[in-house]
Amino acid sequence: AGGIHGCRDRRAAVLMEVNMIEKWRPIPGYANYEVSTFGRVRSVDHVDSLGRFRKGQILRQVSDGKGNYLYVSMMSPLGAKRESIHRAVASAFIPNPEGYNEINHIDEDKKNNAVWNLEWCSRSYNNAYGGHLNGERNHQAKLKEHEARYIKEHPEEGTTALAKKFGISLAQTSAIIHGTRWGWL
């Protein structure tokens with residue numbers, strides 16, 4: 001048996017199928033577009049709604065503005081839409097019999113949208129996967145792990161007192177106490 005969700009077996013099967021040759025498939029919901037096993041998106045030759053011939057081309061990928069995910073803009077029957085590359089690749093190439101809504105980047109590089117680097121998963125699996133920058137490893141963290149642990153273990157001191165003591169908001173203090181932040185402690 002493979003790893004979680006049969007991931008190791010699925011990746012091996014995908015690698016054998018792909019054999020490192022770029023393959024293209026239609027993107028569900030986008031009639032004039034295809035996505036490749038390498039995570040590239042292209043329009044296909046087609047005639048537009050005004051009867052003009054449109055030559056297919058590779059689409060330019062843009063960042064989400066946070067430097068995380070890559071997107072392309074495509075036309076659907078509902079108009080222009082921005083679609084994430086990883087979702088297009090997974091929808092076209094990776095079976096999802098469990099009906100998961102999230103896609104994990106196995107190597108944790110959100111710009112690596114090759115099919116062998118993606119897997120459908122649950123939100124809890126995705127959030128717990130690998131070396132996510134949780135806790136003090138996150139450059140935006142205001143607390144050290146021992147401080148968050150103290151808050152979690154001493155709710156009797158009161159949310160207001162703990163928030164003031166560690167210089168964080170009441171909402172953040174409450175979230176730590178209730179396990180929605182620093183939940184692994």
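Refer to the preceding data block for the structure.
Residues numbered from 1 in each chain as written. Predicted model: local features only at pLDDT ≥ 70, side-chain atom pairs only at ≥ 80, totals over all residues. Heavy atoms only, no water.

### Here's the deal with the overall build of the protein chain
The number of helices and strands found in the protein chain is 6 helices and 10 strands. Expressed as a percentage of its 185 residues, the buried residues of the protein chain come to 34%. Within the protein chain, contacts between residues at least 6 apart in sequence are counted, and of these 38% link residues at least 24 apart. Only carbon and sulfur atoms are counted for the fraction: they give 51% of the accessible area of the protein chain, which is about 11300 Å². (Helix = DSSP H or I, 4+ residues; strand = E, 2+ residues; numbered from the N terminus. Buried < 20%, exposed > 50% of the residue type's maximum accessible area, 1.4 Å probe, protein only. Contact = heavy atoms within 4.5 Å. Areas by Shrake-Rupley, 256 points an atom, 1.4 Å probe, with all protein chains shown as cover.)

### Describing the nonpolar core
One finds Ile27, Val35, Val41, Met74, Val89, Phe93 and Ile94 to be the most contacted residues of the largest nonpolar core, which totals 20 residues. Mapped by element, the contributors of at least two residues to this core are strand E2 (30-36), strand E7 (70-76), helix H2 (85-93) and strand E10 (118-121). The greatest single-element share of this core, amounting to 6 residues, is contributed by H2. Val41 has contacts with Trp24, Ile27, Glu34, Val35, Gln57, Ile58, Leu59, Gln61, Val72, Met74 and Ile85, leaving out every residue within four places of it along the chain. One finds Leu143, Leu162, Ile168 and Trp182 within the second-largest nonpolar core, a separate group that totals 9 residues. (Core = buried A, V, L, I, M, F, W, Y, C linked by side-chain atoms within 4.5 Å.)

### What about the packing of aromatic side chains?
Using the criterion set out here, one finds 3 aromatic pairs in the structure. Plain terms: the ring middles of Phe38 and Trp116 are 5.6 Å apart, the flat faces sit at 80° to each other, and that makes the pair edge-to-face. Remark: Trp116 occurs in the loop between strand E9 (102-105) and E10 and Phe38 occurs in the loop between E2 and strand E3 (41-43); sequence separation between them is 78 residues. On the basis of relative accessible area, Phe38 is assigned to the partly exposed category, the value being 34%. Consider the rings of Tyr150 and Phe166, whose centres lie 5.9 Å apart with planes at 55°: the pair is tilted. (Phe/Tyr/Trp six-rings, centres within 6.5 Å; stacked < 30°, edge-to-face > 60°.)

### Remarks on the packing of helix H5 (residues 159-166) against helix H6 (residues 170-178)
In a packed pair of helices, the relevant descriptors are the angle between the two axes and the axis-to-axis distance. Remark: H5 packs on H6, axes separated minimally by 9 Å, with the N-to-C direction vectors making an angle of 110°. What the angle tells us is that H5 and H6 run roughly perpendicular. For the element pair H5 and H6, the recorded crossing hand is right-handed. Each of Thr159, Thr160, Leu162 and Ala163 in H5 lies in contact with H6, whose residues at this interface are Leu170, Thr173, Ser174 and Ile177. When grouped by side-chain class, the residues that make up the contact of H5 with H6 number 4 nonpolar, 4 polar and no charged. (Axes fitted to C-alpha atoms, helices over the stretch in contact; angles between N-to-C directions. Parallel < 35°, antiparallel > 145°, perpendicular 65-115°, else oblique. Left-handed = near helix turned anticlockwise from the far one by under 90°. Nonpolar A, V, L, I, M, F, W, Y, C, P; charged D, E, K, R; others polar.)

### Quick word on the sheet that holds E7
Overall, antiparallel pairing links the 3 strands, which are arranged E6-E7-E8 in an open sheet. Only two strands of the sheet have a single partner each, and these edge strands are strand E6 (62-63) and strand E8 (79-84). One ladder, built from 6 bridges, connects E7 with E8; its direction is antiparallel. The residue of E8 that forms the bridge with Tyr71 is Ser84. (Pairing = 2+ DSSP bridges.)

### Examining the pattern of salt bridges
Applying the stated criterion across every chain, the model contains 8 salt bridges. With a closest N to O distance of 3.2 Å, Asp48 and Arg54 form a salt bridge. Accessibility expressed as a relative area gives 34% for Arg54, which makes it partly exposed. Its salt-bridge partner being Glu83, residue Lys81 comes within 3.9 Å of it at the nearest N-O pair. A residue is classified by how much of its surface remains accessible, and Glu83, at 11% relative accessible area, is buried. (Salt bridge = Lys/Arg side-chain N within 4 Å of Asp/Glu carboxyl O.)

### Focus on the layout of surface pockets
For the second largest pocket, the calculated volume is near 350 Å³. Considering the residues around the second largest pocket, the lining is formed by 15 residues, among which Asn32, Tyr33, His46, Asp48 and Met75 are closest to the centre. A per-class count over the lining of the second largest pocket returns 5 nonpolar, 7 polar and 3 charged. (1 Å grid on protein atoms, 1.4 Å probe; cavity = no way out; pocket = protein on both sides within 12 Å on 5 of 7 lines; lining within 4 Å. Points joined across faces, edges and corners; volume = space filled by probe spheres on them.)

### So, the environment of Asp48
Looking at where Asp48 falls in the secondary structure, it is placed in the loop between strand E4 (46-47) and strand E5 (53-54). Residue Asp48 is classed as buried on the basis of its relative accessible area, which comes to 16%. Linking Asp48 and Asn32, residues 16 residues apart in sequence, is a C-alpha distance of 9.6 Å. At 2.9 Å, the side chain of Asp48 forms a polar contact with the backbone nitrogen of Leu50. (Polar contact = N/O pair within 3.5 Å; in protein donor to acceptor, adjacent residues only side chain to side chain.)

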